Amino acid sequence: MASSARVDLDGKPVRAISICMIGAGGFIGSHLCEKILSETQHKILAVDVYSDKIKHLLEPDGHPWADRIQFHRINIKHDSRLEGLIKMADLTINLAAICTPADYNTRPLDTIYSNFIDALPVVKYCSENGKRLIHFSTCEVYGKTVGSFLPKDSPLRQDPSYYVLKEDASPCIFGAIEKQRWSYACAKQLIERLIYAEGAENGLEFTIVRPFNWIGPRMDFIPGVDGPSEGVPRVLACFSNNLLRGEPLKLVDGGQSQRTFVYIKDAIEAILLMIENPARANGHIFNVGNPNNEVTVKQLAEIMTQVYSKVSGEPSLEVPTIDVSSKEFYGEGYDDSDKRIPDMTIINKQLGWNPKTSLWDLLESTLTYQHRTYAEAIKRAVARPVASS
Ligand SMILES: NC(=O)c1ccc[n+]([C@@H]2O[C@H](COP(=O)([O-])OP(=O)(O)OC[C@H]3O[C@@H](n4cnc5c(N)ncnc54)[C@H](O)[C@@H]3O)[C@@H](O)[C@H]2O)c1
Ligand SMILES: O=c1ccn([C@@H]2O[C@H](COP(=O)(O)OP(=O)(O)O[C@H]3OC[C@@H](O)[C@H](O)[C@H]3O)[C@@H](O)[C@H]2O)c(=O)[nH]1
């Protein structure tokens, strides 16, 4: 229930504000809108080119929050209405981006434009109009770990100072320019530097968020059902698609890269704390992830296979995974982050936030959702006779 008497971390009442949320129709945006509408009195000016993932929130009647969300179908690349919306709001949250690795090396120009050039006017309008900005960056700005350059058998690889990623200390380590995978990370790094500089030189009130593999319902799309058949979403949706279709999960270059996964609902709690505690969040860059949920991609595939069998009641394949080269899967110019463990000192100190959900539990609720949402549609698609040519 929406509470009218919310207090911040210092016990002061939280005033209801108006938020311009750009990219509100995406995976993170949809969860953030749900949380804000159901638990606070804040208003949302939701900006996106798509609204499918928030259409349940936009129905005119039947919701107590119907007058607190307005959807604006705007492409921020070229729409003069953007500045007006930012001026009307107290806070802007920018989530809009191309953010699927399959695009970074195959559409590097679109990736760089989306993550840097298209974000520039948002920063400028916030700075010029004295508006607060929460900007979504990425854990990919850290690139590869220092430890990955040590010999494979070096004992220093076990030393956390060689791999734990700290906002105010770790370097950003990317591959060569021909490894176009890094187009995204590099564009995100430059927009972070620009926002930081606007803060330092012009007094912009900003918070930068570096998400570490947030996953949950509504992430990306299932190819051939609610996205293009040939599309390659992020790993949760790729593996979900394989499981739903009863195909082996594809391990890129053997699935040896490591990731830490955090449940979307835990991560959204951190963003609400940032929204409602500006004095503690302004001027900071925050890692938002779950250092306790680290696995290799191969282990992720194994756990997802077990969990899916439990929630669907279907037996697992005898050979649940197959190896595929990155060149075959993503094409020329792919490269990878080896390991991503977020240091949690700053977010703990400023906002007292900690993730709660284990990897098994978050996969159980997410794969239950995937099965409920897609299993029938996939069965129908598979049963459909192929059109004769
Ligand atoms: N999900 C994660 O784990 C993760 C990790 C690191 C960083 N991020 C960052 O968080 C943000 C949101 O990610 P997400 O997972 O929700 O992705 P998403 O693709 O689901 O959401 C992005 C939304 O932005 C919209 N958008 C893109 N370009 C636009 C434009 N020109 N005009 C209007 N709308 C536009 C898209 O339509 C989409 O709805 C991105 O900036 C991403 O880089 C996410
Ligand atoms: O089917 C698949 C898909 C992916 N993978 C691997 O799984 C790992 C994770 O892949 P994801 O698609 O989730 O994307 P990554 O973790 O590499 O990057 C993501 O990180 C943070 C955000 O900024 C972006 O959402 C995205 O860039 C990679 O090592 C990838 O090669 C597979 O082995 N098989």
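Note on numbering: residues in each chain are counted from 1, in written sequence order. Throughout, the order in which chains and ligands are written sets their labels, letters from A for the former and numbers from 1 for the latter. Where totals are concerned, whole chains, interfaces and linings use all residues; where local detail is concerned, this predicted model gives features only for residues with pLDDT of at least 70, and gives and counts side-chain atom pairs only at 80 or more. The basis for the side-chain values is all heavy atoms of the structure; hydrogens and waters are excluded.

Per an unreviewed UniProt entry, the protein chain goes by the name UDP-glucuronate decarboxylase and belongs to Aristolochia fimbriata. Entered under Sequence similarities (unreviewed entry) in the UniProt record, the comment concerning the protein chain runs "Belongs to the NAD(P)-dependent epimerase/dehydratase family." UniProt positions are given in the numbering used here, feature names are shortened, and annotations may be inferred rather than shown by experiment. Per its UniProt entry, the protein chain bears the Subcellular location (unreviewed entry) comment "Cytoplasm".

Enquirer: Talk me through a nonpolar patch on the surface; I want residue IDs and the actual numbers.
Expert: Judged by side-chain polarity, Leu109, Tyr113 and Ile117 come together as a nonpolar surface patch covering roughly 310 Å² of accessible area. Helical segments are the DSSP runs of H or I of at least four residues, strand segments are the runs of E of at least two, and each set is numbered from the N terminus. Note that tyrosine 113 resides in helix α5 (residues 108–115). A residue counts toward a patch only above 30% relative accessible area and without a salt bridge, and it is joined to like-charged neighbours within 9 Å or, for Val, Leu, Ile, Met, Phe, Trp and Tyr, to nonpolar neighbours within 5 Å. All accessible areas in this document rest on Shrake-Rupley with a 1.4 Å probe, and a residue is counted as covered only by the protein chains that are shown. Salt bridges are defined by distance alone: a side-chain nitrogen of Lys or Arg within 4 Å of a carboxyl oxygen of Asp or Glu.

Enquirer: Give me the lowdown on the environment of tryptophan 65, citing residues and values where you can.
Expert: One can find tryptophan 65 in the loop between α2 (55–58) and β3 (69–73). Along the backbone, tryptophan 65 and phenylalanine 221 are 156 residues apart, and their C-alpha atoms lie at a distance of 27 Å. Residues in contact with tryptophan 65, not counting those within four places in the same chain, are Leu37, Ser38 and Leu57. Residues count as neighbours in contact if any of their non-hydrogen atoms are within 4.5 Å of one another.

Enquirer: With reference to specific residues and values, describe the side chain of serine 326.
Expert: With respect to the secondary-structure elements, serine 326 resides in helix α12 (residues 326–330). Ignoring sequence-local partners within four residues, the contact set of serine 326 consists of Val252, Asp253, Gly331 and Tyr334.

Enquirer: Go over the sheet that holds strand β1 (residues 18–22), please, and point to the residues and values.
Expert: Ordered in space as β3-β2-β1-β4-β5-β7-β12, the 7 strands form an open sheet in which the pairing is parallel. Edge positions in the sheet fall to β3 and β12 (284–288), since each of these pairs with one other strand and no more. In this sheet, neighbouring strand axes are inclined to one another by 15° on average, regardless of whether the strands run parallel or antiparallel. Both strand β2 (residues 43–48) and β3 contribute to a ladder of 5 bridges, which runs parallel. Only strands joined by at least two bridges in the DSSP assignment are considered to pair. Helix axes are fitted to C-alpha atoms over the stretch in contact, other axes to C-alpha atoms as well, and angles between N-to-C directions run from 0 to 180 degrees.

Enquirer: Account for the site of ligand 1, naming residues and giving values.
Expert: Whether a residue is near a molecule or strand depends on its heavy atoms: if one lies within 4 Å, it is near. The local shell around ligand 1 holds 25 residues, among which Phe27, Asp48, Asn75, Tyr184 and Trp214 are the closest. In this structure, an oxygen atom belonging to ligand 1 sits 3.1 Å away from a main-chain N or O atom of glycine 26. Whenever a nitrogen or oxygen atom comes within 3.5 Å of another N or O atom, the pair is scored as a polar contact, on the condition that within protein one atom can donate a hydrogen and the other can accept it, and that pairs from neighbouring residues in sequence are kept only if both atoms are in side chains. Within the backbone of leucine 95, a nitrogen or oxygen atom sits 3.1 Å from an oxygen atom of ligand 1. Alone, ligand 1 offers 820 Å² of accessible surface; in the complex the protein occludes 89% of this.

Enquirer: Explain the packing of aromatic side chains to me, using residue names and the numbers behind them.
Expert: A pair of aromatic rings is counted whenever rings of Phe, Tyr or Trp (Trp by its six-membered ring) have centres within 6.5 Å, and the orientation is called stacked for planes under 30 degrees apart, edge-to-face for over 60 and tilted otherwise. As enumerated under the stated definition, the model contains 7 aromatic pairs in all. An angle of 45° between the planes, with centres 6.0 Å apart, marks the rings of tyrosine 142 and phenylalanine 212 as tilted. Taken as a pair, tyrosine 142 in the loop between β5 (132–136) and β6 (164–165) and phenylalanine 212 in the loop between β7 (206–211) and β8 (214–215) lie far apart in primary sequence, 70 residues in all. Of the two residues examined, tyrosine 142 and phenylalanine 212, each falls in the buried class. Between phenylalanine 174 and tryptophan 182 the ring centres are 5.7 Å apart and the planes differ by 10°, which places this aromatic pair in the stacked class. Aromatic ring contacts, followed pair by pair, group Phe329, Tyr330 and Tyr334 into a single cluster. Seen from the ring of tyrosine 142, arginine 210 lies directly overhead, with NZ or CZ sitting 4.8 Å from the centre. Exposure classes here rest on a 1.4 Å probe applied to the protein chains alone. A residue is buried below 20% of its type maximum, exposed above 50%, and partly exposed in between. By the criterion adopted, a ring carries a charge over it if an Arg CZ or a Lys NZ lies within 6 Å of its centre and within 35 degrees of its normal.

Enquirer: Please give an account of helix α6 (residues 120–128) that cites residues and values.
Expert: Along α6, the residues classified as buried are Val122, Val123, Tyr125, Cys126 and Ser127. Check the buried side of α6 and you find it contacts β1, α3 (81–88), β4 (91–94), β5 and α7 (182–202). A positive backbone phi angle near 65° is found at glycine 130, which sits one or two residues after α6.

Enquirer: Which residues make up the packing of helix α11 (residues 297–312) against helix α14 (residues 359–383), and what values go with them?
Expert: Close contact between α11 and α14 brings their axes to 9 Å; oriented N to C, the two are set at 55°. What the angle tells us is that α11 and α14 run oblique. Considering how the two elements wind past one another, α11 and α14 form a crossing that is right-handed. Contacts from Leu300, Ile303, Met304, Gln306, Val307, Tyr308, Lys310, Val311 and Ser312 of α11 reach α14 at Leu359, Trp360, Leu363, Glu364, Leu367, Thr368 and His371. Throughout this entry, Asp, Glu, Lys and Arg are counted as charged residues, while Ala, Val, Leu, Ile, Met, Phe, Trp, Tyr, Cys and Pro are counted as nonpolar. The remaining residues, Gly among them, count as polar. Looking at the contact of α11 with α14, its residues break down into 10 nonpolar, 4 polar and 2 charged. Every angle not falling under 35 degrees, over 145, or within 65 to 115 is termed oblique; those three ranges are roughly parallel, roughly antiparallel and roughly perpendicular. Left-handed describes a crossing whose near helix is turned anticlockwise from the far helix by less than a right angle; the clockwise case is right-handed.

Enquirer: How would you summarise the site of ligand 2 if you had to cite specific residues and measurements?
Expert: Around ligand 2 sit 24 residues in total, of which Tyr104, Thr138, Glu140, Tyr184 and Asp336 are the nearest. The backbone of cysteine 99 places a nitrogen or oxygen atom 3.2 Å from an oxygen atom of ligand 2. Arginine 259 has a polar side-chain atom sitting 2.7 Å from an oxygen atom of ligand 2. Relative to its unbound accessible area of 670 Å², ligand 2 is 95% covered by the protein chains. Of all the secondary-structure elements, those providing two or more residues to the shell around ligand 2 are α4 (101–104), α8 (235–245), β9 (249–252) and α12. For the shell around ligand 2, the residue count by class is 14 nonpolar, 3 polar and 7 charged.

Enquirer: Can you tell me about the packing of α8 against α11, naming the residues and giving the values?
Expert: What describes two packed helices is the angle between their axes and the distance between those same axes. Remark: α8 packs on α11, axes separated minimally by 11 Å, with the N-to-C direction vectors making an angle of 45°. Judged by the inter-axis angle, α8 sits oblique to α11. Judged by the sense of rotation from one axis to the other, the crossing of α8 with α11 is right-handed. Counted together, Val235, Leu236, Phe239, Ser240, Leu243 and Leu244 of α8 and Val297, Leu300, Ala301, Met304, Thr305 and Tyr308 of α11 form the full contact between these two elements. Of the residues contributing to the contact of α8 with α11, the split by class is 10 nonpolar, 2 polar and no charged.

Enquirer: Now, about the environment of valine 232: what can you tell me, with residues and values included?
Expert: Turning to its location among the elements, valine 232 is positioned in the loop between β8 and α8. Overall, the relative accessible area of 25% leaves valine 232 in the partly exposed class. Considering only alpha carbons, one finds valine 232 and leucine 317, 85 residues apart in sequence, at a separation of 22 Å. Excluding residues that lie within four positions of it along the chain, valine 232 makes contacts with Thr100, Ala102, Phe221, Cys238, Phe329 and Tyr330.

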